[in-house]
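Descriptive structure summary
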Amino acid sequence: MSTIKYLNEFCDIIDTYGGRDKVMKALCYGTKLIGGYYADRKPELAKRYAIASSRISGARATLRLIDDVPMIQYALEYGWGQNESDRVMALLGVTANLVDLIYYPVEKICWLAEHRIVDVHNYDYWDKVNTIFWVLSVYLNLMRTLRNFGLNQQKLNKLNEMQKPSIDDTVLRKHRLEVCSLVRLTLDFVHAVSYLPKGYLWGGKLSTLQVGAVGTLSSFLYLYQIFTKRNLNK
């Protein structure tokens, strides 16, 4: 019975765009991880997995072509962060939205240029700009999550100091999920920076095996969070 339950939950997740993208991401970096592992042992096998990873990554990039409209809608609904808990959260949220509103079109330009649909002078420049905005986007989301975690921890500490008889278990479980988010976004930041040109932080210094490991772990943490949040909301 439990197997059927988890199968149904998995099917519900991949029926959504976000859930399917995360499963595809896990497959993308899982194959990259295997390719990196066999790079020196079995080069031909490693090449096959590298091709599979590249194809899946390309499919995800193609699906992101329609992400601009939902991003614009989200940014408009978010406004100036008036519903945030403090000004720092609002500032981080607005800045992250502005970065994403620039990042998404730049990514589209790179995609169009890569597939030779449009002619772009100095493609390497646009690719570098795209990576920089990707890094900024992940960093700002990491800072938002870190700030939110700190604010929630302060609230929990105050409740403990007031010797409240009990704290809602759901609140504690959600707070622990924030730790998962911090670890996941840290991994995403390490991953994004690794695609910067050499000379910028650790850009270009991670091996295929390391990139695959970081991406795979981040993907599975995200899937774990999706399953856990679904159970919390039931």
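Structure's up top.
These lines cover the structure that appears in this document, whether it is placed above or below.

Procedures and definitions
- Residues numbered from 1 in each chain as written.
- Predicted model: local features only at pLDDT ≥ 70, side-chain atom pairs only at ≥ 80, totals over all residues.
- Heavy atoms only, no water.
- Helix = DSSP H or I, 4+ residues; strand = E, 2+ residues; numbered from the N terminus.
- Buried < 20%, exposed > 50% of the residue type's maximum accessible area, 1.4 Å probe, protein only.
- Contact = heavy atoms within 4.5 Å.
- Areas by Shrake-Rupley, 256 points an atom, 1.4 Å probe, with all protein chains shown as cover.
- Disulfide = S-S within 2.5 Å.
- Salt bridge = Lys/Arg side-chain N within 4 Å of Asp/Glu carboxyl O.
- Phe/Tyr/Trp six-rings, centres within 6.5 Å; stacked < 30°, edge-to-face > 60°.
- Lys NZ or Arg CZ within 6 Å of the ring centre and 35° of its normal.
- Expected span 1.5 Å × (residues − 1).
- Arc of directions from axis to C-beta.

**Some remarks on the overall build of the chain**
Looking only at helices and strands, one finds 8 helices and 0 strands in the chain. Starting at the N terminus and walking to the C terminus, you meet the elements of the chain as α-α-α-α-α-α-α-α. Viewed in the frame of its principal axes, the chain has a C-alpha envelope of about 60 × 45 × 35 Å. Counting across all 234 residues of the chain, residues that qualify as buried make up 36%. Within the chain, residue pairs in contact and separated by at least 24 positions form 68% of the contacts whose partners lie at least 6 positions apart. Here the chain displays about 14,900 Å² of accessible surface, and carbon together with sulfur accounts for 60% of that area.

**What about the state of the cysteines?**
The tally for this structure, following the rule as stated, stands at 0 disulfides. Cys28 takes part in no disulfide bond, and the closest cysteine sulfur to it belongs to Cys110, at a distance of 17 Å.

**Points about the pattern of salt bridges**
Inspection of the entire model under this criterion finds 9 salt bridges. Residue Glu84 pairs with Arg144 through a salt bridge whose shortest N-O separation is 3.4 Å. With a gap of 60 residues between them, Glu84 in the loop between helix H4 (68-78) and helix H5 (87-114) and Arg144 in helix H6 (residues 123-161) connect regions that are remote in the sequence. Taking relative accessible area as the criterion, Arg144 reaches 14% and is therefore assigned buried.

**With respect to the packing of aromatic side chains**
Under the definition given, this model contains 7 aromatic pairs. On the numbers, 5.7 Å between centres and 85 degrees between planes, the contact of Tyr103 with Tyr104 is edge-to-face. Here Trp134 and Tyr195 contribute two aromatic rings whose centre-to-centre distance is 5.6 Å and whose plane-to-plane angle is 50 degrees, an arrangement assigned as tilted. Residue Trp134 is located in helix H6, and its partner Tyr195 is located in the loop between helix H7 (169-193) and helix H8 (208-232); the two are separated by 61 residues in the primary sequence. Site record: aromatic cluster; members linked through ring pairs are Tyr139, Phe189 and Trp202. Of note, Lys22 hangs over the ring of Tyr222, and the distance from its end group to the ring centre comes to 4.7 Å. The side chain of Arg41 reaches across the aromatic face of Tyr37, ending 4.0 Å from its centre.

**Some words on helix H3 (residues 43-63)**
Given 3.6 residues per turn, any residue in an α-helix points the same way as the ones three and four places further on. Taking 1.5 Å per residue as the helical rise, H3 with its 21 residues ought to reach 30 Å, and the 30 Å between its terminal C-alpha atoms agrees with that figure. Among the residues of H3, those classed as buried are Ala46, Ser53, Ile56, Arg60 and Ala61. The buried residues of H3 all sit within an arc of 145 degrees when viewed along its axis, so they share a single face. Exposed residues pointing more than 90 degrees away from the buried face of H3 are listed as Glu44, Lys47, Arg48 and Arg55. Packed against the buried residues of H3 are helix H2 (17-37) and H5.

**Looking at the environment of Lys25**
Looking at the element boundaries, Lys25 is found in helix H2. The spacing of Lys25 and Thr186 is 161 residues in sequence and 17 Å in space, taken between C-alpha atoms. Those residues within four positions of Lys25 in sequence are excluded, and the remaining contacts are Arg60, Asp188, Gly215, Ser218 and Ser219.

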